[in-house]
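Here's the letter readout for the chains.
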Amino acid sequence: GLLRRVRAHAWKAMRSRSRFQVNDLVYVPCQGKAVPFSSGVVVEVTDQVVVLTDDGCHSCAPDELRLRFDGESCQDNTSLVYLNDASILQNLKARHQEDAIYTYTASVLLAVNPYHNVEGLYSQDQCARYRGKHIGALPPHPYAIADAAYRALVREHKNQAFIISGESGAGKTETAKIVMQYLGFVSGSSSSITAQIQQRILQAQPILESFGNAVTMRNNNSSRFGKYNRIFFDETGTLVDAGVTTYLLESSRVVTHGNLERSYHCFYEMLSGLAEEKLSQWQLSREKQYIILSSDTKPSEVTKDQAEYERTWHIQFQERDQKNFQRLCDALRVVGFSEEDMDSIFQVLAGLVHLGDLSLAERDEGQESSSVELDEEILEKAAGLLGMDADELSSALRRRKVRVLHPGRESVHEVPRTTSQFRHALHSLIKALYKRLFERLVDRINGSFQELSSQSEDDFHRREIGILDIYGFERLQRNSFEQLCINLANERLQQYFVENVLMAEQDLYRREGLPWPGLVLPDSSPVVSAIGHTFRILDEYSQQLAKGFEKTDESFCQKTVDEAQKDPARREFLRQLRVSKRRPTAVNEGFMVKHYAGLVEYNTKGWLDKNNDRLLPDCEELIGSSSFELVASLKDEDMGKAPFRSISKKYCTDLENLLQTLSSCQLHYIRCFKPNDFQKAGVFDETLVLDQIVQCGTVELVKLMHDGYPNRCRFQEMLRFRDLLPESFQRYGTRTFIEALLLAYDVPVEDWALGMSRVFLRAGQLKALEDLRSAGAAPDPEKLKIIMRQIIRKKWVRAVHAIGFLRPFP
């Protein structure tokens, strides 16, 4: 068609000329403007290129310009006439304006969050429409990717996995739910057990969202943990089991969060949705602003207007919280929680809310013997709900035990905690209880799947589809230990994408004998190494602090920076913070890391404590001795062992295990993009989206597809086009048949290549052949005669060469 001819012309033009031509349509980079590119036309070409745009003429270096083709938007970026970052950006923008939020880039699905419901996009009817259809046969959709994964699992009996990535607010969690919805549909409900497993898979998500998601500055439903959902099928494709693995819950959010942010949804849902009698029973009020559910600004520092604004800001979520509380309760029932179980969970949450109201207690630091003064009423409420003795709780929080060694004996003394030590003990207790409650819920969800799967036949040959929904790259106002862990995961997954998609693509071309110049691909191993060294130093300092040695966050920070500067491979990627007006004393309070997505400043305050998964012994004893069964069951089973247990080490081990699991799977990528920072429908911030396009490797993928072949078929697979040529051509062998087929239908010679075992096609050519087959097309007879003569001539030439080669042999 016209597009193929235009693209073929463009392809030749790009290779044959080193300069632009007058009247060429181009994109011009914009420096310091609201948009990254403006449209223009070339009016003069010398050493520089003069381009006319809406705001006048500009003289540009040729390397700065991108060729432009004004046409309709494309469902696949590789079908664009010019494959460059500006063209991809404009294609995504045009499709976003049409509510066509999904776009392919070869086998990768790009999803732009619409921030509103797109009518008719997700339904049982839509699921049925995509079932059994090849990617590209229908508009881009997660259903299409999910169907391809499911069919590959059934046909090839190989594990499949989805890697869903993107920044916070890009829509990863919703996309993961859409994929799971389709897999539930396509696997059928052949039995009541299968139907129950399907239902529990879907209902587990609201539970995880309520207890693991929160409102942040960038996202009203931000996942503050990573999760890998696994859905198991037998060899016929029937759903037989499921499970979920979680990673690094941001437990610090339970006790502190920024202004105009919230703690975990479950607290607010509980306060909005609980019946009045339950609120009264647990001494809660819908109107009160509890400390751990408000911003981390001290009340004494908040003006009356600020307090009123925050109260009003929280009101906007009340209706949603009420609705989601009912959704949470329904989901808990489906997964197998009784009403008593649910009451126990909410009672623990209520206890934590009251416990948090002790956070502002202080002591007279001028008197070394003085203790922190606690509000007895609040203390009694918290202790009663958590099944703890109020005096013991008060003693554990206000005083610490010091063991003194004497010749031949040991004595234990109690000394008052300072205000900061008290707050650390209190917050550690709250965080530990919430984190363990979250883990208990995950265990119960997994147990509910096992209850059902044990009733089905034990199938040794079962396979799985995994769905990885993990936190996106984070660059917040204040970045701490959790952000470094999150960004390490993104570095590793980005490198995994490079190695398993981009490098594998290049290796395939070389194995098949295709000429390939290669691309320079990004390498994140230096920054991964720098973070690994940082965690090793952190473990060393955290362990020594836990054993009683004098170690500080400042000394850890200084050693981390010093060590990095000694290593040429790491010094470029980890540096000391710069002194600035905003931060006049930067030394030893943090460092900068150069990630693939840009520079991030990390504040290292509190890292030595954050890295230790052990709770203070006094607080651990409180949990274990609780009279409330659920709280007592949350005790640490190996509490008597070493005083330090590394969170960073466990996280890195879990991450490596995840990557090992992914390595056994056929991978499917969905890249999610946020179109603006305000979560508003219809707003497309070109600069913001371009940054995400660059960061996630889309540009490298498109460059690869620009010079490569996104479609490839084994020779035998091409025999489905046998009806497009006369039967006489089939006697020449598969390779010769394919060559004749492509020549007969005028597929440009630069748009295909024959490898050792596959035919490689540029974007759009395979679909063009499918359209010809569907239309019952027939080739030009005169052209067939010419092709026949060429085939015969080639065979004679090969025969002559063979005889010449064999002649010296007897």
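Right above here is the structure, for reference.
Residues numbered from 1 in each chain as written. Predicted model: local features only at pLDDT ≥ 70, side-chain atom pairs only at ≥ 80, totals over all residues. Heavy atoms only, no water.

(A) The arrangement of the sheet that holds strand β18 (residues 598-603) in detail. Pairing in this open sheet of three strands is antiparallel, and the strands run β16-β17-β18 from one edge to the other. One side of each edge strand has no neighbouring strand; the edge strands of this open sheet are β16 (574-576) and β18. On average, each strand axis in the sheet is inclined to that of its neighbour by 30 degrees, with strand direction left out of account. One ladder, built from three bridges, connects β16 with strand β17 (residues 590-595); its direction is antiparallel. Residue pairing in the sheet places Leu574 in a bridge with Val593 of β17. The sheet strands contacting helix α17 (residues 553-566) are β16 and β17, and the helix crosses β16 at an angle near 125 degrees. (Pairing = 2+ DSSP bridges. Helix = DSSP H or I, 4+ residues; strand = E, 2+ residues; numbered from the N terminus. Axes fitted to C-alpha atoms, helices over the stretch in contact; angles between N-to-C directions. Contact = heavy atoms within 4.5 Å.)

(B) Representation of the pairing of strand β11 (residues 226-233). Taken across its eight residues, β11 has seven buried, putting it largely inside the fold. Sheet analysis places β11 next to strand β12 (residues 239-247), joined by eight bridges and oriented antiparallel. Residue pairing for β12: Phe232 is matched across the bridge by Asp241. Two successive antiparallel strands, β11 and β12, enclose a turn made up of five residues, where Gly237 displays a positive phi of approximately 90 degrees. (Buried < 20%, exposed > 50% of the residue type's maximum accessible area, 1.4 Å probe, protein only.)

(C) Local environment of the nonpolar core. One finds Phe162, Phe211, Phe267, Leu284, Phe346 and Tyr434 to be the most contacted residues of the largest nonpolar core, which totals 115 residues. Looking at this core element by element, the count peaks at 15 residues for helix α14 (residues 419-453). Those residues within four positions of Phe346 in sequence are excluded, and the remaining contacts are Met270, Trp282, Phe325, Leu328, Cys329 and Leu332. Ranked by size, the runner-up nonpolar core spans 69 residues in total, among them Phe473, Leu484, Cys485 and Phe684. (Core = buried A, V, L, I, M, F, W, Y, C linked by side-chain atoms within 4.5 Å.)

(D) Representation of a negative patch on the surface in the model. Taken together, the side chains of Glu373, Asp375, Glu376, Glu380, Asp389, Asp391 and Glu392 present a region of like negative charge at the surface. Elements supplying a minimum of two residues to the negative patch: α12 (376-386) and α13 (390-398). Here Glu392 lies in helix α13. (Patch = residues over 30% accessible without salt bridge, like charges linked within 9 Å, V, L, I, M, F, W, Y side chains within 5 Å. Areas by Shrake-Rupley, 256 points an atom, 1.4 Å probe, with all protein chains shown as cover. Salt bridge = Lys/Arg side-chain N within 4 Å of Asp/Glu carboxyl O. Lys, Arg positive; Asp, Glu negative; His and termini not counted. Charge placed at Lys NZ, Arg CZ, Asp CG, Glu CD.)

(E) Structural context of the sheet that holds strand β6 (residues 102-105). The strand order across the open sheet formed by seven strands is β6-β7-β19-β8-β15-β11-β12, and the pairing between neighbours is mixed. Each edge of the open sheet is held by one strand with a lone partner, namely β6 and β12. Each neighbouring strand pair of the sheet contributes to a mean axis angle of 20 degrees, computed without reference to strand direction. Of the strand pairs in this sheet, strand β8 (residues 160-165) and strand β15 (residues 463-469) are connected by five bridges, and their pairing is parallel. Residue pairing for β15: Gln160 is matched across the bridge by Ile465.

(F) Region of the structure containing the packing of aromatic side chains. Inspection of the entire model under this criterion finds 19 aromatic pairs. Plain terms: the ring middles of Tyr182 and Phe185 are 6.1 Å apart, the flat faces sit at 45 degrees to each other, and that makes the pair tilted. Taken together, the residues span about one helical turn, with Tyr182 and Phe185 both in helix α5 (residues 172-186) at a distance of three residues. In this structure an aromatic cluster arises from ring pairing among Phe481, Phe535, Tyr541, Phe556, Phe591, Tyr602 and Trp607. Directly above the aromatic system of Phe232 lies the positively charged group of Arg462, at a separation of 4.4 Å from the ring centroid. Positioned above the aromatic ring of Phe573, the side-chain terminus of Lys594 is 6.0 Å from the ring centre. (Phe/Tyr/Trp six-rings, centres within 6.5 Å; stacked < 30°, edge-to-face > 60°. Lys NZ or Arg CZ within 6 Å of the ring centre and 35° of its normal.)

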